[in-house]
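# Observations on the three-dimensional arrangement
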Amino acid sequence: MTYDALMIVSFGGPEGREDVIPFLENVLRGKNVPRQRMLDVAEHYYRFDGKSPINDQNRALIAALEREFKAHGPALRIYWGNRNWHPMLAQTLRQMRADGIRRALAFVTSAFGSYSGCRQYREDIERARLEIGPGAPEIHKLRTFYNHPGFIAATADRVRTALRQVPPQRRDSARLVFTAHSIPFAMAEAGPYEEQLRESCQLVCQILGRPAAALVYQSRSGPPSQPWLGPDICDYIRQVHSSEGLTDIIVQPIGFLSDHMEVIYDLDTEASSLCRELGVNMVRAATVGVHPAFVSMVRELILERTNHQQRRALGTLGPGCDSCEPECCLVARIAGP
């Protein structure tokens, strides 16, 4: 099958203080979340003058992919559409239609399968296509890539870089911890999120030659009565420090491809502050961002669909599928952050 373009599909984020409340209203539309909770989350953004890093990091990814395509192909135009802030998906699809794009691949900036990380993006794309109406480009989402060699190699390299910031005599004993965005139990049970995360963590540790590392969660946002995946990163740090002692900890947000607000607030602000309070040396490993192995992986995922290139995957779970079963990750609507 032939394609005219690649569309980067992401969550979106505010670019300034005046964007914060409208952005959060988009995120929470249709969800039973108290307004005070929204205002509390808004304060996280205001600490950074209302600007999330996610949009600039998507721009950097697009620039890196344009260089990759120019050097190695394929000859695809790149577009960008977000779920919750400009450029919105419908706006992007409307521009694609005007440019004569008839069929495009979509790279969603989420490595793991779940309702919010995969299925909902598919639904968002279809909803935007319906809004555009006749002539809306046909969009095919690229597969999940949590176990792709490019993603694993890029993540492992970010951890190596972080380890170099620990004194040599303490590197072997430094505790490695991976984090991902927590989701409700009901959502986790409906999809492969936990299994895929654990597989990715294990694969990175194998490459690094390190023992199995802990997988913990962050950014829980539901009501206390609703069970979400845990343990929380800060609870984990307190527990390990209390029971075993903790000198150095490497925190790698494997569940995020770039620095979202959740990363710079929940890890770089809250978890980092807790570690300083406890006298623990915390080093936050970078997200994969525009690591060359990751950028090359995106190109490879495209060639799987256009040139029947080999579908590479590490571990035991095999490569992800190009299209999901109708019931995959289907879960009743759950209150958001």
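For the structure itself, consult the block above.
My aim in this report is to walk through the structure given alongside it, one point at a time.

About the criteria used
- Residues numbered from 1 in each chain as written.
- Predicted model: local features only at pLDDT ≥ 70, side-chain atom pairs only at ≥ 80, totals over all residues.
- Heavy atoms only, no water.
- Pairing = 2+ DSSP bridges.
- Helix = DSSP H or I, 4+ residues; strand = E, 2+ residues; numbered from the N terminus.
- Axes fitted to C-alpha atoms, helices over the stretch in contact; angles between N-to-C directions.
- Buried < 20%, exposed > 50% of the residue type's maximum accessible area, 1.4 Å probe, protein only.
- Contact = heavy atoms within 4.5 Å.
- Arc of directions from axis to C-beta.
- Polar contact = N/O pair within 3.5 Å; in protein donor to acceptor, adjacent residues only side chain to side chain.

## Structural notes on the sheet that holds strand β4 (residues 138-141)
- Spatially, the four strands line up as an open sheet ordered β2-β1-β3-β4, and their pairing is parallel. Single-partner strands in this sheet number two, and they are β2 (77-82) and β4. Averaged over neighbouring strand pairs, the angle between their axes works out to 30 degrees when direction is ignored.
- With five bridges connecting them, strand β1 (residues 5-10) and strand β3 (residues 103-108) associate as parallel partners. From the neighbouring strand, Leu6 faces β3, where its bridge partner is Leu105.

## Some points on the side chain of Asn82
- By the secondary structure assignment, Asn82 is in strand β2.
- What makes Asn82 buried here is its relative accessible area of 1%.
- Discounting residues that sit within four places of it in the chain, Asn82 has contacts with Ser10, Phe11, Gly12, Asn55, Asn58, Pro87, Met88 and Leu89.

## Digging into helix α9 (residues 233-243)
- Regarding α9, the residues found buried are Ile233, Cys234, Tyr236, Ile237 and Val240. The arc that holds the buried residues of α9, viewed along the axis, is 160 degrees, so those residues lie on one side.
- For α9, the elements touching its buried residues are β5 (175-181), β6 (214-218), β7 (248-252) and α10 (261-278).
- Among the residues of α9, the N-terminal cap falls to Asp232, whose side-chain oxygen and the backbone nitrogen of Cys234 are separated by 2.9 Å.
- Just downstream of α9 lies Gly245, where phi reads positive at about 80 degrees.

## With respect to the sheet that holds β6
- Taken together, four strands build an open sheet; the order of strands is β6-β5-β7-β8 and the sheet is parallel. For this open sheet the edge positions go to β6 and β8 (281-284), each flanked by a neighbour on one side alone. Strand-to-strand, the axes of this sheet are offset by a mean angle of 30 degrees, without reference to chain direction.
- Of the pairings in the sheet, the one linking β5 to β6 comprises five bridges and is parallel in character.

In short, geometric facts, not functional conclusions.
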